[in-house]
Amino acid sequence: MATTAASSLQIATARPCISSSRRIFKAGAAIFGGNSKAVSWNKLTSACHISSVQPFQRSFTSSSVKFDKVVTKAMSEATENKPISGLPIDLRGKRAFIAGVADDNGYGWAIAKSLAAAGAEILLGTWVPALNIFESSLRRGKFDESRVLPDGSLMEITKVYPLDAVFDNLEDVPEDIKANKRYAGSSKWTVQEVAESVKNDFGSIDILVHSLANGPEVTKPLLETSRNGYLAAISASSYSYVSLLKHFIPIMNPGGSSISLTYIASERIIPGYGGGMSSAKAALESDTRVLAFEAGRKHKVRVNAISAGPLRSRAAKAIGFIDMMIDYSIVNAPLQKELSADEVGNTAAFLASPLASAITGAVIYVDNGLNAMGVGVDSPIFKDLDIPTDKH
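For clarity, every value in this text was computed on a predicted model and none was experimentally measured.

A. How the structure looks around the side chain of Glu-343. With respect to the secondary-structure elements, Glu-343 resides in helix 9 (residues 341–352). Here Ser-340 takes part through its backbone nitrogen, which lies 2.9 Å from a polar atom of the side chain of Glu-343.

So this is what it looks like as structure tokens:
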């Protein structure tokens, strides 16, 4: 990591930031780095409003209400100038591999940023068909604005690996995939091969993040889901985590941390989240507990999951009603605000740090408290109750 890299992570409230920057790309090695002009903290601000959505089986009272988006940012602080105050998250000297990052607006990217802000070195695994576009966007500076860390520097990505976590090894890959032009030019992209490549390149890692899922029939009700569609969702969204940990844990340092992303549909009914995806998330959470025991006893590695609320990401838009789910959450959650990807990223940084050294086998909810609700308080049934509502 460069000497300007973040040395610790502290929590502060801020808003999404934009910074002018210059970028550096080391050709031929898929290694990205950069720096930017200093950005004062009071300039890190932008506005956000909730977009309007079409009703889904019901109308939502939130359609006419606008909420300020409050973002919890990770603040880095250099130790060269002054001592670290408070209780910092310090991941200097740690190396993280985040699987499933293909753009700059999902939870995987936000987790990478928070880990980088705390000082960790960042390695990414990107789905093979999306690799060229992702690397091209990095080279052209398309992601520079979203790479800005709280101290004004740019998140450095040491290396990007091609990855398809559906396949454990080359023998598992069918011939039609091998011959697919979307995979042409890439090699060593199965889980086993990527783990071996990381070992050869860096020796070991300390943090493993699983931020990928796919359900080809996610828009179908469970009763209309095919066997192939159901098993595909399980394979890509839950067993892929078992495979990643299985192959990476031999190169994880003792005291390391592994994190996956899940969703409340694992235990509650979310109409429209179909195709076996709710089953896949339930399996992922069950596996988290078993893996926590096995990885803890054999390798001293902690295993946790983050159950994140809805985010307006490209992947979530495939479900078809993500805007409605965000509006529903804002109206009904204890904390009436739109969830920020940074809040999930900062939770991951905490779970990866020594501050969470006794936490394993847990599902941590980062959803403004929506998981705690037993009813939707926007229902007309509750119209006569004096329920506090944020109307600003």
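B. Quick peek at the packing of helix 5 (residues 191–202) against helix 6 (residues 227–248). Across the interface, helix 5 lies against helix 6 with an axial gap of 9 Å and an inter-helix angle of 35°. Two packed elements cross with a definite hand, and for helix 5 against helix 6 that hand is right-handed. Side by side, helix 5 and helix 6 meet where Val-191, Gln-192, Val-194, Ala-195 and Val-198 of the first sit next to Ser-243, Leu-244, His-247 and Phe-248 of the second. Here the residues of the contact of helix 5 with helix 6 sort into six nonpolar, three polar and no charged.

C. Expanded view of the pattern of salt bridges. Evaluation of the coordinates by the stated rule reveals eight salt bridges. Residue Arg-147 pairs with Asp-144 through a salt bridge whose shortest N-O separation is 3.0 Å. Of the two residues, Arg-147 and Asp-144 are both situated in helix 3 (residues 144–147); the distance of three residues between them amounts to about one turn of the helix. Looking at Arg-147, the relative accessible area reads 1%, which means it is buried.

D. View of helix 9. Along its 12 residues, helix 9 runs 17 Å from first to last C-alpha, staying within 8% of the 16 Å computed at 1.5 Å per residue. With 11 of its 12 residues buried, helix 9 lies for the most part within the structure. When we look at burial in helix 9, the residues that qualify are Ala-341, Asp-342, Glu-343, Val-344, Gly-345, Asn-346, Thr-347, Ala-348, Ala-349, Leu-351 and Ala-352. You can read the cap of helix 9 off the contacts: a side-chain oxygen lies 3.0 Å from the backbone nitrogen of Asp-342, and it is on Ser-340.

E. Inspection of the packing of helix 6 against helix 7 (residues 277–299) at higher detail. For the pair helix 6 and helix 7, the least separation of the axes is 8 Å and the interaxial angle reads 20°. Between helix 6 and helix 7, the angle falls in the class roughly parallel. Of the two elements, helix 6 crosses helix 7, and the hand of that crossing is right-handed. Residue-level inspection shows Tyr-230, Ala-233, Ile-234, Ser-237, Ser-238, Tyr-241, Val-242 and Leu-245 of helix 6 in contact with helix 7, the latter providing Met-277, Ser-279, Ala-280, Ala-283, Leu-284, Asp-287, Thr-288 and Leu-291. Partitioned by chemical class, the residues of the contact of helix 6 with helix 7 number 11 nonpolar, four polar and one charged.

F. Structural context of the pairing of strand 9 (residues 252–262). With eight of 11 residues buried, strand 9 is to be regarded as a mostly interior element. Judged from the five bridges that link them, strand 8 (residues 205–210) and strand 9 form a sheet pairing that is parallel. Along strand 9, the bridge assignment pairs Leu-208 with Ser-258. You can see the chain leave strand 8, run along helix 6 and come back into strand 9, and the turn it takes is right-handed. For the segment spanning strand 9, helix 7 and strand 10 (residues 302–308), crossover handedness is right-handed.

G. Layout of the side chain of Gln-336. Inspection of the secondary structure puts Gln-336 in the loop between helix 8 (322–332) and helix 9. Only 3.3 Å separates the side chain of Gln-336 from the backbone oxygen of Ile-330, close enough to count as a polar contact.

H. Focus on the nonpolar core. In this structure, Ile-98, Leu-115, Leu-124 and Ile-306 are the most contacted members of the largest nonpolar core, which totals 41 residues. Within the residue set of this core, elements represented by two or more residues are strand 5 (95–99), helix 1 (107–117), strand 6 (121–127), helix 2 (128–139), strand 8, strand 9, strand 10 and helix 9. Counting residues per element, this core draws most heavily on helix 1, at eight residues. Ignoring any residue separated from it by four or fewer positions in sequence, one finds Leu-115 in contact with Leu-91, Ala-96, Ile-98, Ala-120, Ile-122, Ile-207, Val-209, Ala-348, Ala-349 and Ala-352. Judged by nonpolar contacts, the second largest core, of 25 residues, contains Phe-97, Ala-99, Ala-165 and Phe-248.

I. Main features of a nonpolar patch on the surface. Taken together, the side chains of Leu-222, Tyr-230 and Leu-231 present a nonpolar region at the surface, about 270 Å² in accessible area. Note that Leu-222 resides in the loop between strand 8 and helix 6.

J. Representation of the sheet that holds strand 5 in the model. The seven strands are arranged 7-6-5-8-9-10-11 in an open sheet whose pairing can be described as parallel. With one partner strand each, in any of the chains shown, strand 7 (159–163) and strand 11 (363–366) form the two edges of the open sheet. Between one strand and the next, the sheet's axes are offset by a mean angle of 20°, whatever the strand orientation. Pairing of strand 5 with strand 8, which is carried by four bridges, proceeds in the parallel orientation. Each residue of the ladder has a partner; that of Ala-96, found in strand 8, is Ile-207. Taken strand by strand, helix 2 contacts strand 6 and strand 7, and its axis lies near 135° from that of strand 6. The sheet contacts of helix 9 involve strand 8, strand 9, strand 10 and strand 11, and relative to strand 10 the element is tilted by about 165°.

K. Structural context of unusual backbone geometry. One non-glycine residue, Lys-188, lies in positive phi territory at about 55°. Summarising the element assignment, Lys-188 is placed in the loop between helix 4 (175–178) and helix 5. Its relative accessible area of 53% is what places Lys-188 among the exposed residues. Residues other than glycine seldom take positive phi values, yet Lys-300 does so here, at roughly 60°. Residue position: Lys-300 is located in the loop between helix 7 and strand 10. Overall, the relative accessible area of 58% leaves Lys-300 in the exposed class.

Cut-offs applied
- Residues numbered from 1 in each chain as written.
- Predicted model: local features only at pLDDT ≥ 70, side-chain atom pairs only at ≥ 80, totals over all residues.
- Heavy atoms only, no water.
- Helix = DSSP H or I, 4+ residues; strand = E, 2+ residues; numbered from the N terminus.
- Polar contact = N/O pair within 3.5 Å; in protein donor to acceptor, adjacent residues only side chain to side chain.
- Axes fitted to C-alpha atoms, helices over the stretch in contact; angles between N-to-C directions.
- Left-handed = near helix turned anticlockwise from the far one by under 90°.
- Contact = heavy atoms within 4.5 Å.
- Nonpolar A, V, L, I, M, F, W, Y, C, P; charged D, E, K, R; others polar.
- Salt bridge = Lys/Arg side-chain N within 4 Å of Asp/Glu carboxyl O.
- Buried < 20%, exposed > 50% of the residue type's maximum accessible area, 1.4 Å probe, protein only.
- Expected span 1.5 Å × (residues − 1).
- Parallel < 35°, antiparallel > 145°, perpendicular 65-115°, else oblique.
- Pairing = 2+ DSSP bridges.
- Right-handed = clockwise from strand over helix to strand, strands pointing away.
- Core = buried A, V, L, I, M, F, W, Y, C linked by side-chain atoms within 4.5 Å.
- Patch = residues over 30% accessible without salt bridge, like charges linked within 9 Å, V, L, I, M, F, W, Y side chains within 5 Å.
- Areas by Shrake-Rupley, 256 points an atom, 1.4 Å probe, with all protein chains shown as cover.

That's the geometry; what it means functionally is another story.
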